[in-house]
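Report on the structure
Chain by chain, the residues:
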Amino acid sequence: MEKLIITAAICGAEVTKEHNPNVPYTVEEIREEARKAYEAGASIIHLHVREDDGTPTQSKARYQVCMEAIRQVCPDVIIQPSTGGAVGMTADERLQPLELHPEMATLDCGTLNFGGDEIFVNTENMIKEFGQRMIERGIKPECEVFDKSMIDMALRLSKKGFIKEPLHFNLVMGVNGGISGEPRDLLYLTESLPKNATFTVSGIGRHQLSLNTMAILLGGHVRVGFEDNIYLRKGELAESSADFVKRIVDLSVILGREIATPKDARRILGLTK
Ligand code: KMH
Ligand code: ZN
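Okay, so let's go over this structure. As the structure is a computational prediction, the values presented were derived from the model and not from experiment. (Residues numbered from 1 in each chain as written. Chains lettered and ligands numbered in written order. Predicted model: local features only at pLDDT ≥ 70, side-chain atom pairs only at ≥ 80, totals over all residues.)

**Details of the overall build of the protein chain**
- Along the backbone of the protein chain there are nine helices and 14 strands.
- In terms of its C-alpha atoms, the protein chain occupies a principal-axis envelope of roughly 45 × 40 × 40 Å.
- Out of the 273 residues in the protein chain, the part that is buried amounts to 50%.
- Across the protein chain, every contact between residues at least 6 apart in sequence was considered, and the portion connecting residues at least 24 apart equals 72%. (Helix = DSSP H or I, 4+ residues; strand = E, 2+ residues; numbered from the N terminus. Buried ≥ 20, exposed ≤ 12 C-beta atoms within 10 Å, placed from the backbone. Contact = placed C-beta atoms within 7 Å.)

**Describing the site of ligand 1**
- Close contacts around ligand 1 come from Ala 13, Glu 14, Ser 82, Thr 83, Gly 84, Ala 86, Val 87, Thr 106, Asp 108, Phe 114, Phe 120 and Glu 144, and that covers them all.
- By residue class, the composition of the shell around ligand 1 is five nonpolar, four polar and three charged. (Near = placed C-beta within 6 Å. Nonpolar A, V, L, I, M, F, W, Y, C, P; charged D, E, K, R; others polar.)

**Let's talk about the nonpolar core**
- Counting residues in each nonpolar core, the largest one holds 75 residues, and the members touching the most others are Ile 6, Ala 37, Ile 45, Val 145, Ala 154 and Val 245.
- With near-sequence residues (within four places) excluded, Ile 45 lies in contact with Ala 8, Ile 10, Ala 34, Ala 37, Ile 70, Val 77, Ile 79 and Gln 80. (Core = buried A, V, L, I, M, F, W, Y, C linked by C-beta atoms within 7 Å.)

**A look at the packing of helix 1 (residues 27–40) against helix 8 (residues 241–255)**
- Taken N-terminus to C-terminus, the directions of helix 1 and helix 8 make an angle of 10 degrees; their axes are 8 Å apart at the nearest point. The angle between helix 1 and helix 8 places the two elements in the roughly parallel class. For the pair helix 1 and helix 8, the contacting residues are Glu 33, Lys 36, Ala 37 and Ala 40 in the first and Ser 241, Ala 242, Val 245, Lys 246 and Val 249 in the second.
- Of the residues that constitute the contact of helix 1 with helix 8, the class distribution is five nonpolar, one polar and three charged. (Axes fitted to C-alpha atoms, helices over the stretch in contact; angles between N-to-C directions. Parallel < 35°, antiparallel > 145°, perpendicular 65-115°, else oblique.)

**Let's talk about the sheet that holds strand 6 (residues 104–108)**
- Read from one edge to the other, the open sheet built from eight strands follows the order 5-2-1-12-11-10-9-6, with strand pairing classed as parallel. The open sheet has two edge strands, strand 5 (78–81) and strand 6, and neither has a second partner. Across this sheet, the average inter-strand angle for adjacent strands is 25 degrees, counted without regard to direction.
- The sheet contact formed by strand 6 and strand 9 (residues 140–145) spans five bridges and is parallel. Paired with Leu 107 across the strands is Cys 143, a residue of strand 9.
- Lying on the sheet, helix 4 (residues 124–137) is in contact with strand 6 and strand 9; it crosses strand 6 at an angle near 165 degrees.
- The sheet strands contacting helix 8 are strand 1 (6–9) and strand 12 (221–224), and the helix crosses strand 12 at an angle near 155 degrees. (Pairing = 2+ DSSP bridges.)

The structure is reproduced here in structure tokens:
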């Protein structure tokens, strides 16, 4: 089996210091979280950024400062900015980090309820526009799917030329409004992927560890971090996203899969920049 790519989603847009005081907001906090996750074994940093007070932002300038800070402490890590941003942001706001020409970025492949009254809007035309911009800038999209229909959307838009093959998916499971996080759900999603696709799995909250374990066994890759989960185990807040990375490294070694370096991850995902 291929080496395991671990993505650390260190910040997110919705989780706050009220949920876990270790969630990073400032440039220095984001840089340190990235460094710890990288040193623990993460080869990709999935990046959201915040104002110093924790307000989520998609500001190009803020991304630039944070990406430069991360590169100072882990020069070879793959930085994958979010184009999802936070619920309620406009498409133009969300697209800003693509102007920094990152190697990868997320491409959210459908609209869903996002808890309470929130709706995370990704219309078909938005997905086309985001996909087209990534093609023009040579950015590898990670297709974020929160439900099976979003795999179908990605496949359809790929056939129409808006997303380049081979596709790479992130199966985000357990969001209130998306697919649930049971083992049968993951098998349903993985069996719906094209044979040449790569995939990573993000389990939200209590689903994280079980789904990550399945992903390791199924030949997929793994995402962990504060964006998806703040508890290392029931009732115990994680000190850093690196805690989750370390646990996956240990588990993967026990299960017989080596951990990918950033260089390995670039080869596996076909990153060319
Ligand atoms: N914050 C969520 C509304 C992404 O990064 O592309 C969307 C999200 C997905 O986090
Ligand atoms: Zn995200």
